[in-house]
Structure formats: structure tokens, C-alpha cells
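# Overview (structure and organization)
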There are 4 protein chains.
Amino acid sequence: MIIVLKKEADDAVARELLGQIEDFGLQPLHMPGVERTVLGALGDERILQKLHLQNHPMVESVRPVLSKYKLVSRELQPQDSHVQIGPVTIGGKGFTVIAGPCAVESFEQMLETAQKVKAEGAVMLRGGAFKPRTSPYSFQGLGLEGLEILKAVSRETGMPTVSELIDAKDLEAMVEHVSALQIGARNMQNFAMLKAVGETGHPVVLKRGMSATVEELLLAAEYIVSTGNANVVICERGIRTFETATRNTLDLNAVAFIKERSHLPVLVDPSHGTGIRSLVAPMAKAAVACGADGVMVEVHRDPAAALSDAAQSLAPEDFHALMAGLAPFVTAAGRNDLARAAR
Amino acid sequence: MIIVLKKEADDAVARELLGQIEDFGLQPLHMPGVERTVLGALGDERILQKLHLQNHPMVESVRPVLSKYKLVSRELQPQDSHVQIGPVTIGGKGFTVIAGPCAVESFEQMLETAQKVKAEGAVMLRGGAFKPRTSPYSFQGLGLEGLEILKAVSRETGMPTVSELIDAKDLEAMVEHVSALQIGARNMQNFAMLKAVGETGHPVVLKRGMSATVEELLLAAEYIVSTGNANVVICERGIRTFETATRNTLDLNAVAFIKERSHLPVLVDPSHGTGIRSLVAPMAKAAVACGADGVMVEVHRDPAAALSDAAQSLAPEDFHALMAGLAPFVTAAGRNDLARAAR
Amino acid sequence: MIIVLKKEADDAVARELLGQIEDFGLQPLHMPGVERTVLGALGDERILQKLHLQNHPMVESVRPVLSKYKLVSRELQPQDSHVQIGPVTIGGKGFTVIAGPCAVESFEQMLETAQKVKAEGAVMLRGGAFKPRTSPYSFQGLGLEGLEILKAVSRETGMPTVSELIDAKDLEAMVEHVSALQIGARNMQNFAMLKAVGETGHPVVLKRGMSATVEELLLAAEYIVSTGNANVVICERGIRTFETATRNTLDLNAVAFIKERSHLPVLVDPSHGTGIRSLVAPMAKAAVACGADGVMVEVHRDPAAALSDAAQSLAPEDFHALMAGLAPFVTAAGRNDLARAAR
Amino acid sequence: MIIVLKKEADDAVARELLGQIEDFGLQPLHMPGVERTVLGALGDERILQKLHLQNHPMVESVRPVLSKYKLVSRELQPQDSHVQIGPVTIGGKGFTVIAGPCAVESFEQMLETAQKVKAEGAVMLRGGAFKPRTSPYSFQGLGLEGLEILKAVSRETGMPTVSELIDAKDLEAMVEHVSALQIGARNMQNFAMLKAVGETGHPVVLKRGMSATVEELLLAAEYIVSTGNANVVICERGIRTFETATRNTLDLNAVAFIKERSHLPVLVDPSHGTGIRSLVAPMAKAAVACGADGVMVEVHRDPAAALSDAAQSLAPEDFHALMAGLAPFVTAAGRNDLARAAR
């Protein structure tokens, strides 16, 4: 339930109402805004009706939240959220390009890649230290050593980093070494992990599960935000359909739909979303066109030698072409230009 | 099999080789180009190998066609096809906007809609006279009367028209009244219909089936082209997946993929592709960004009163906004501007 | 709308009410039963309400049909339909086994296969004369010659036949040569074809489209039945999903669901439903267990030499094993034993 | 790689070869059988070829493992695995019926349900103490109190229990209180959890992910088995497709396919697989018919009052009917009768 206070309502009114909400066993939310204060009450809405909050002289309106997701919905917060990851803001006027290899392989590989993608306008570095692999016999990542490499390269280049968490026991080390935690597609409904990352307060990039509906994706985000951590960025990375020409089916409908319903920033991962190198650039352009706030792209200094995801990784020269081709679409979308983002 | 002739090869050489191909029971293809002539031979490639064409003094190279689709592939024809529908060229430098209601309801409705969308830059009119409806109890279209309305409105406005064929027995009437025949998603693998439209030589807009793979879609196009009718335009209109937030999942990966593998022009239908009015504009932008040659959009003068597809139809003012929003992306894609297309 | 008459209502009452229904522009249905007569009225139910039929002294109850499909629903007809195809009844106490090759290849091939499958308990013969093929370059069937072979083999063995219609222009020849018309998955929503087969009155085996929902499948059946042809048998043949280990995903949920909601008989095609020879027998057993009225199985005298669907065709000895394995499950399901069906 | 030793090979030979395998950095496996000993070597098969094991005088044959999954494949172990959970053996001659509510709600509820399902022939009890819920605002289970209830009811009734693990930090408590750990669909590719449950050595019921392919499912099982814990039971519970008539699409193809390729026991969950009470019984019958080793069914003493999954839970009288209906199919499948299993 959303309670909009009158302009003249002061802080004491807000505290009084929040107390009442809590007394009824519901979760109170305080959202002070520039113009007026909005309160939220989460829980059984039938109980809330007994409070008759609409009769309070300082309450302007009371309305139910219609979607199953509440905290992440535009019903609760109409304006876009901005998520700060180190020096980078995702969700604002800029269009954020995150790049890097699938997996951290060595310090030299990461540093070289980071410098090259930074020179082209990427502002954040991606790379997996722990890799979720379908087969137990595939390369599983460098682990803690990978995290240390990410931290060192971040220090060297000034780029914040994002890396995937695959085991909650690594959470402390992850928070210490990387700027944002990625929840991968396979763990999107690992609710224990969602709560755990929520409690760290660290920024989270939440990838859509392979067969997760948009509603389930937003409810997964709600799990994190409901712990009090609002620094959540959604990432569309393709869904699993009958089509096998591409690795996944990138669902840009979902991007436009989520931007309409939720205030959270939305990224697109055209590398996993297509699985084919030559399709990464056109789909990155489509991403900015349909309203995404950024893209996350796999770039490897030598794709042929990559230990994983070789077919979808861009070489540095491919990434250069992608950024050049992307620029006019970023401008068409009314976003700050990429070069400015990179400064 | 593709046979590239040497620069100095003259027409007599081509005729000689085509005769040999035919003698072996294969289908010969003659593709004279500016620089050099390319020949094709369709059929069992094991037979072709017995011809030893690579030994002919005027043959530069012989190579197999690797994809299952041959005539529609870029292996056979690297440069983009242009399909001419009345005064409109699809597949060239321009970006083609086709608009109109789901169903033809009356002359006044069609004329008013046509004039409004034309004023905004649409160059072609869509509207169903025969409607494929899931239930036998739903509105089935005006039939022949609808075709006559389309023809009259086309004469009045100068806009060519496209309308769906749902029964081969209507083919003659359709060819007489509309500029292009649409094969709907439900008939994409109605092979008898594909051959029948092919034989008319009339332009065809071939929509992707709800669960058709890209390969099946291109093979359906191949059915039409193999009858000798090269005027085929592909249309991506969303596929059926587990996601129910949107009516279909618009597969823009497929657009980028087909543009890479086939020379045929590709349209996108963001109306059926999303089923939600507010998502039509962002997905139209994404379509031009990923390389589509045009969009086909449902516009109704009064969506609330539409006899079908009300939820996804744009009102004239929505269409105005869509065209204004689309223009910078058309420019970013290096296409001719929409206004010029409309002249 | 369904109108149940009182026990004492005679034929004159039924005629009177049917006349009223017709006068309102609706489609009347007369379903005289053993105990009492049931009338149906198809069309806009708001109009029907104006009739106030519930006030008629001879009317016991009036209730709307809630599902979108009406004629095929158990709301309209609670008891199972029996569809007669030559000497074979589908939908009754027996479990019907239909067998034969994917495509008719020669008279000898069909006759030998027919004799072998008949000896094992199959009561009906399948075989395609016209083949819907994804590629225009694949074997397209023997055509009319194939139909003549089917007719000759049917005369020789006494087995009725079923074969797929792929072009409405072949309808007359099909009706003359085969006992039942198959609508294939690709034409399930070819509404013109559905109406055309309906009007012949010939028995129809309607296969589920690859991505057709159960509701769409039942509405496709409704198209046929609404022309007045009630001889419709549904066939589940697998749907298209992300899974590639099997050719399709056989949806036996749909069989149990349809048997609950519709009175039409339901067959299962485990050959197309799995695409893998060794899985045909276990899935045939599962079909009888979940309530199907029969199975349709591909059998070829020499699968390795089959011109199509080789991987899923059973050799005669595989079919022998299938029938032996199936028998106890047919008994467990309380069906007449297969040997009796074969007599 | 699989190394089959000659009949006369003794234990010393096996130890010698296992040592060589280990020296090359590969994982050795020792599988002594009644007739002869089989060794396995996991890892890069190119390295293995250098060992030239086929030249050893006591080696009968050496062959590569062709599937990506090795330990769980029939290539490695042709005969069925039996998994012992308390007094219950899954995977042998019997057909195992597991029943119980979706969630543990109270001691009385669990005890009453357990006694009722036991009386009908169920041999194992299911019930969630920790519930994975799509929304953070849904009932999340009783937690530790739920585990204690499960343990108490198990002691009272003698039935072993299975319950879902949703957070690795609960693992110790789970192992102490329940007989088998369930990995739910949402965590099937939570590789950290797979390894963790593997290391406990406790029996595991591994449910298929909503969009997991059969290969991914078997590789997830491989993760567990590769830690040295062979007590893994696979559970098919329906996949996510376009069909919405049923909650999921129960993929019985997968059951038949897995039984052919893997030696692990396979259960079917027709409750989640259909989501509709009336379809549970027909699909349970289909499960035994296609080769499943058991079913897991949701039963609640009062489904209308269930805190979760009400629509798919059977009342005790429904369960009675299910067991009565299932019995002849269990017999038809050549399995021990259910009553005997219950003794």
C-alpha cells in the first residue's frame, strides 16, 4: 500500500504513521521526496485497510500496489533509480558500456583488455573469477586469485568491476575485491543468495534466469531491495526458446516492458544474448534504441585463445567497431555521448 | 553449387554450362553480374561433382552451397535484394514504414487511416480482408468487399497495399486487388500456398511462424523463390515462448541473423511482436537499430472500437509520436530519412 | 448456451425452441438423448439472454458454455464421442493402433508393411502420399500414385487408411482414396483447410500444431465440427520446446487435459513425439496409461532405407515388441485387448 | 575413459592401473563388479591415450566415454543404481510412492497426512520446511521448526523423509533431520550447492530445472556424483513451455530418455508437473508406464486450507483413488506391487 502525504505534512506525521504500520505487523517504508513524502506498507493489504489511513488529515491519498512487485515498481517510485558503482552511475542520462572477458585468466590478460576497452569508452570491467559451468569437468575459474587480479586491475585503471558470485561463502571476499556483485542467470531464483547479497548493501547486477518471466525477474530484484539494498541493476541476457540459430533469444521486449514498469536501471548482455560475435554490435544498438541503460559485452584480447565463450567474445578491433557504430544510436536516444561517459 | 565464371567468359560460355547442368537433371540458374557472371545449379550436389566444372577453362571457382537454403542465401547473392511493391522499394537505402488497421472494417475507416498514416510518413497500407481467427466464432473479415475497399483506398491515396491470403482460392482476387500478398504466421509452412503465391510472381510478405526457426523461415522463403518469384520480403513478428507479459517475444536476434545470411529484405512487426501499444515505439526503434529494412505497424483511427487487436493498435496520435521518435534512429542507421521516403 | 429440456418435453417443444433460436440469427443445435433432449444455441450469448428461455415451462435449465470451444466440449456433450473410420471405432472401449510408414514409397512396401502390422494387431494404416517438407529440395511424396497405392492396399488388407492433406485442391482425390484425412501440425491453423475438410463430412485426424496451445487445438477442432462434421479425432504429436534431446516434447498432460474437457477421441503419435526409435514403445505405454484412445506409429519394413523419418521408424520386429509390451497396459487401462480390436 | 579388466585380473592389477591414472593427473575410479572389474579415468582423454592402457596384458578393452556426463552414464555402469533412503530402495524392482504436503505446517498436519498416505502404500514422506517462493512476501516455511516436525513424524511413523534445501547454511541441520535432501528446480544449476550436498554423502533427490535440458540435468547429477556421493535420484517435475493450460509441461520423454542413458533412478512429480489436481492420477500412471521408478505426489489433509500449492494437492480420498488406479499399471510394468512396497 502506498500512502502519499500532503505537501504540508512534516516528519513527525511520517513517523507517527510508520509507527502505526509497524504496530499492525507490517513492514513500513519511508520515502522522503523533494515535493512530498511517500510511505509504503508491505504485507497483507486487508490488514492495512483496517488502519483507515485515508481518513488522516495529513494523508493525500492511499492506494494499493497492484503489481506483485512493490519496491521495484514505478507505482512506488515513478522516477528512474540511479545506481552508483564506484565512479559510474547506471540509470541516469548516460549509457553505460561494461566490457571484459568471460573469465579472468591472468593479470596481463585483464590489464591489457581493460586498457583497450577503456580507451574505446567502456567505463566498467567485467570478468569471472568463479565460473558456473554446466559440466564439472570444465574450467571453473581462478577463484580468489581471479578476484585479486580484478582488484589490482581496477586500481591500475580506475575502472570499477563486476564479477559473478556463485557461492555465498565467497561473499565477503567478493565484496572486498569487486565493485558490484553479479547474480548469474542460474542463481536468479537462489533466494538465499538474493537475501545474502542484499544484506551486504553492495551494488548488484541481477541477470535474468534462462526461463524466468519478467515478473519473476522483478520479484527476484524485490528480494534484494526488500533487504534494504536498493542498488540493483537488472540485466537481460537472453532467454531459452526453441530457436537454436542463436545461443539464446535476446528479449528486448522485456527491456522496454521493465523500463515502463520498474524504476530500476536495465542493462543488456548481447554477448550471451546471441552467442555469435557478429550479432553483438547490432543487438547492442537495438538495446540502446529500446531504452536500455547500458550494455555488458564480452571482449577478449585474443578470442581464439579464450578459455570459455570464445564464439561470442569480441576482439579489441571488433569492440572498437562496436563503439563507433553505437555512438550515433546513443545520441539518437538522447543519452550523453559515450566519450563523455568515459571521461 | 555456385559456379563463378572468369571475367572474360562471354554469354556463350554461360549458355553452354547451363545446358550441361540441365542435362544432368539439375535446375540451372543464371545470375549475370556487373563484374562477372555467376551460375547456380540446384539439386543433388553429388551429381554435380561428376560434371568437373572446375576444370573448364572459363570457370574461376566452384563451391558448394553450405546452407540448406540456397536461392535466398548470401552465398548465392551477396548483395541486398530490393523488392518493388508499386512505387515502394523495400530493402534499399530507405526504411519502409507500413501502417494500417488489423482488419478492413469500412471504406471510411480505411481512407481516414490511410490519409493519416501517409501524412506521417508511412508509404504502404496494411489491412486484413480475410482474417485468420483462432475461434470460428470471431469476426472473420469483410472478404471480397474488404479487398475492394483496399483497392479503392489505394487508388485514392497512391499507397500500395498488403493484405493476408488465407485461402488459395482467393488468390486471383487478391492479386487483382492488393499490391503484395501476406503469408501469415499460421500458414508459413502451408507449402501448397507458398508455391501458389510463388507462381503468381506477385510480391510476397512472408511472416515467420510462431514457432518457426530461422532456418525454417528461410526455407519457406526458398519455396517461394524456387518457383521463380524473387519478390519476397521476410517479416519477424514475434515467436511463442514461455513469457506471457508480452503477446509474443519479438526476436530481433533473428533479424540481425537473417540480414547476415540472406539477401532478402526483412521487416519487423512490433505490434504483433509485443501486443502492447506502449511497446510498439521502442521496439520499432530497436528494429531499425539492428538492421531491419522497415516496420509494419497496426494503426486504427479509434483503437477502442477496433474489431480485432485493439490492445496493440496505435491511435493516429500515437503513430505521430512513433514516427517522430523513430526519425533519429533511422538517421543513425544511415538510412534515407522517413520524410524523403514518403515523398 | 445449453438448454436442457424437461423429461416430458416432446419433439414439438424442441422444434419450437430451435425455431426461436434461429430467428434470433443464432445457430441451433439439436441433441436428442436417451433421457432428455438438450438444445444448443451458438453465437452471441447476450442476444440469447433476451430469449428468456429459462421461463419456458418445458425448459429445465439454461446455462452458458464457459469455454471458448463449445461443440467439442464436455459441457455440451458429457459422454465420449465415437468416430467411425471404416470398420474401426476410435474413442470407445478399444485402444486403436494405427501403423505404417511415414511416406508411401511403393505398392510392395505398403502391402508388406500393412500385412505385418495387421498381424500384430494394428487396425488402420497410415502413410503419406503428399509430404509437407521443410525444404523444397526434399522428397515430396508420390502424390496421386501414392493415393492409389493406399486404396489398393486397403482393398487387399481390409484396413482403413489415413493420409495427410496438404493442399485443398487434392481434397476430392483424398476423399475418394483414403478413409480419413489427416490435418498435419503445420496446417492446424489453416482455417480454410479446416472448413474444407469439415464440409466433406469425411473423418478427420487433426494433429496439434508445434506451438499450438490446447485451447487453440480444441478451437481448430471446433472449426471442423462447426461445419457439421463431428468425425474429428485429435492427435497429440509433441510440441516444440527448448529441449533438443528429443525431436519434440510429447505433451501427455495435454492428453489427460483434453480427455477431461472434450468428448473427442485423442490419439498419440509417439514417433513424431520423440523422434527416437527406442522411445516409441515407452511413450506408447504412457499414452494408454494417461487415457489416450490410441496411438499412431511409424513402421517401415526397412527403416534404414526409408525416404523420410528413418530415425523414428520401427522395424517390423520393433513393432512386434511394442505390441507385446503394450498389451498389459491396455488391460490395466480397462480397454478391450488389442487382439480383439484386431479381429 | 573406461577400462574393462580381464576376468583373471586381480586387485593388484587394478591398484597398479589406478595409480598410473592418478600419476597423469586424472581422477581414477574403481568399480569392482561380480564378473570383472571396471576402472574409470576422468579428465582430458587426450592425456589418457598416452597411457596406452590397451596394451596392458590384463586389460580387455578401453573405450572413451562419449557423453559429456560420465559417472552417471550407462556407458560407465550398465546396470541400474539402487539408492537407499532409510528402509526404502529407489531404483530397484519396486515402484516408490512418496507423498506429503507442499509445506510442513504443523506436527498434527504432518502426522495425520503421514499416517493416511502410509495406509495407502506411500513409503516416504515429503514436506518443505524451507520454501523457495517467487515473491519475498509469500509464506517462506517454518524453517528449523519444520525440520523438527519432519524428524518427529518420521520417528512416529517409520517413514523416511525428503525436504528441500534452499540455503547451504542449513545443510547440517537438514542432514540431521531429514533422510534425503531435495535440490529444487530453481537450484539445479547452483553448482556450489550441488558440490556441498555431494560432500555430505546424504541421499539427494535432484529436481530438473524449469528450462534445463536433459543433458544439463545429467551434468548436474554428475556434479554431485563426482564428489563421491552416488546416492542421487533424478526427478522430472515438468518444464516451462508456451503452454499455459497446465502449470508446467511434464516431459515424460525425458524419463524414458534418461532411463536409457543413465543408471540413476528417476522419479516423476505429477503434482508440479501438471499443477491440476485431476491430472495427477493419469500422469502418475503414465510415469510408471514409461519407466519411472516412482512418483512424488502432493497430498494435504485439507487442500482448501493449504498454505501453498492448493490447486495441485490431493485430498486423502483423492490419494486413495490414485493408489487404487495406479496398482494395475505397476503390475503391468512388472514392478513389485505397491502393497508389498509398503510393508
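A short tour of the structure in this document, coming up. (Residues numbered from 1 in each chain as written. Chains lettered and ligands numbered in written order. Predicted model: local features only at pLDDT ≥ 70, side-chain atom pairs only at ≥ 80, totals over all residues. Heavy atoms only, no water.)

Residues and elements named next belong to chain D. Spatially, 7-8-9-10-11-12-13-14 is the arrangement adopted by the eight strands of the closed barrel, whose pairing is parallel. Across this sheet, the average inter-strand angle for adjacent strands is 30°, counted without regard to direction. In this structure, strand 10 (residues 180-183) lies alongside strand 11 (residues 204-207), joined through three bridges in parallel fashion. Each residue of the ladder has a partner; that of Leu181, found in strand 11, is Val204. (Pairing = 2+ DSSP bridges. Helix = DSSP H or I, 4+ residues; strand = E, 2+ residues; numbered from the N terminus. Axes fitted to C-alpha atoms, helices over the stretch in contact; angles between N-to-C directions.)

Here the focus is the sheet that holds strand 11 (residues 204-207) of chain A. Residues and elements named next belong to chain A. In spatial order, the strands read 7-8-9-10-11-12-13-14; together these eight strands close into a barrel with parallel pairing. Direction aside, neighbouring strands of the sheet carry axes that sit 30° apart on average. Inspection of the sheet shows strand 11 paired to strand 12 (residues 232-236) by four bridges, in the parallel sense. If you follow Val204 over to strand 12, its bridge partner there is Val232.

Right, let's talk about the pairing of strand 1 (residues 2-5) of chain A for a bit. All names here are of chain A. Where burial is concerned, the two faces of strand 1 agree: the one with Ile2 and Val4 and the one with Ile3 and Leu5 are both buried. Summarising the sheet, strand 1 and strand 4 (residues 59-63) pair through four bridges and their orientation is antiparallel. In the sheet register, Val4 faces strand 4, and the bridge partner there is Ser61. Relative to strand 3 (residues 37-42), strand 1 runs antiparallel, the two being bridged by three bridges. Across the sheet, residue Ile2 finds its bridge partner in strand 3, namely Gly40. (Buried < 20%, exposed > 50% of the residue type's maximum accessible area, 1.4 Å probe, protein only.)

Relative to chain D, chain B is turned by 180° and slid 0.0 Å along the rotation axis, the superposed coordinates differing by an RMSD of 0.1 Å. The operation mapping one copy onto its partner corresponds to a two-fold rotation axis. For chain B, the smallest separation between a C-alpha atom and the rotation axis is recorded for Phe242 of chain B, amounting to 2.2 Å. When the interface residues of chain B are mapped onto chain D, 100% of them are again interface residues, pointing to one common binding face. (Least-squares fit on C-alpha atoms with pLDDT ≥ 70 in both. Contact = heavy atoms within 4.5 Å.)

With that settled, consider the interface of chain B and chain A. Contact residues are listed per partner, giving 37 residues for chain B and 37 residues for chain A. Buried surface at the junction of chain B and chain A, both sides included, amounts to about 2,800 Å², of which 69% is carbon and sulfur. Considering only the side of chain B, the residues that lose the most area to chain A are Phe242, Asn253 and Phe329 of chain B, jointly responsible for 24% of the buried surface there. Connecting chain B to chain A are two salt bridges. Arg208 of chain A is paired through a salt bridge with Glu243 of chain B; the nearest N and O atoms lie 2.7 Å apart. The interface formed by chain B and chain A includes ten residue pairs in polar contact (both at pLDDT 80 or more). Contributions of two or more residues to the side of chain B that touches chain A are made by helix 8 (252-261), helix 9 (270-274), helix 10 (277-289) and helix 11 (316-332) of chain B. In terms of residue count, the dominant contributor to the side of chain B that touches chain A is helix 10 of chain B (seven residues). (Buried area = accessible area lost by both parts, 1.4 Å probe. Salt bridge = Lys/Arg side-chain N within 4 Å of Asp/Glu carboxyl O. Polar contact = N/O pair within 3.5 Å; in protein donor to acceptor, adjacent residues only side chain to side chain.)

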